[in-house]
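What follows is the residue order along each chain.
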Amino acid sequence: MSLVVVEFEAVTELGRLMSAMLEAELNINYLYSFIPYPSGKPVMALSMEDNDMGEQVLKKHQFRVLRQEDISR
């Protein structure tokens, strides 16, 4: 199953992310938090009922969606 990985400016933005998903009526199946990414910002991976739509919603709400090459060592 694929995941959408999103980077936050601060941990306090989690509420804003959840509000965006609620507004779009997208269910989150599960999520994982990462140890802070090398940039020092919090990172979370989400599995949603529609990851493509979820990615669009996150971008619309000014969240940075990361790609595999962004998180691979």
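Residues numbered from 1 in each chain as written. Predicted model: local features only at pLDDT ≥ 70, side-chain atom pairs only at ≥ 80, totals over all residues. Heavy atoms only, no water.

Glancing now at helix H2 (residues 51-60). Every buried residue of H2 is listed here: Asn-51, Gly-54, Glu-55, Val-57 and Leu-58. Projection of H2 onto a plane perpendicular to its axis shows the buried side chains occupying an angular sector of 165°, all on one side. Turned more than 90 degrees off the buried face of H2, the exposed positions are Asp-52, Gln-56 and Lys-60. Buried residues along H2 sit in contact with strand E1 (4-7), helix H1 (14-23), strand E3 (43-48) and strand E4 (64-66). (Buried < 20%, exposed > 50% of the residue type's maximum accessible area, 1.4 Å probe, protein only. Helix = DSSP H or I, 4+ residues; strand = E, 2+ residues; numbered from the N terminus. Arc of directions from axis to C-beta. Contact = heavy atoms within 4.5 Å.)

We now examine unusual backbone geometry. The backbone of Glu-25 sits at a positive phi, close to 60°, despite the residue not being glycine. Inspection of the secondary structure assignment puts Glu-25 in the loop between H1 and strand E2 (28-33). A positive phi angle, near 65°, is found at Gln-62, a position not held by glycine. Here Gln-62 shows up in the loop between H2 and E4. Under the relative-accessibility criterion, Gln-62 is labelled exposed at 67%.

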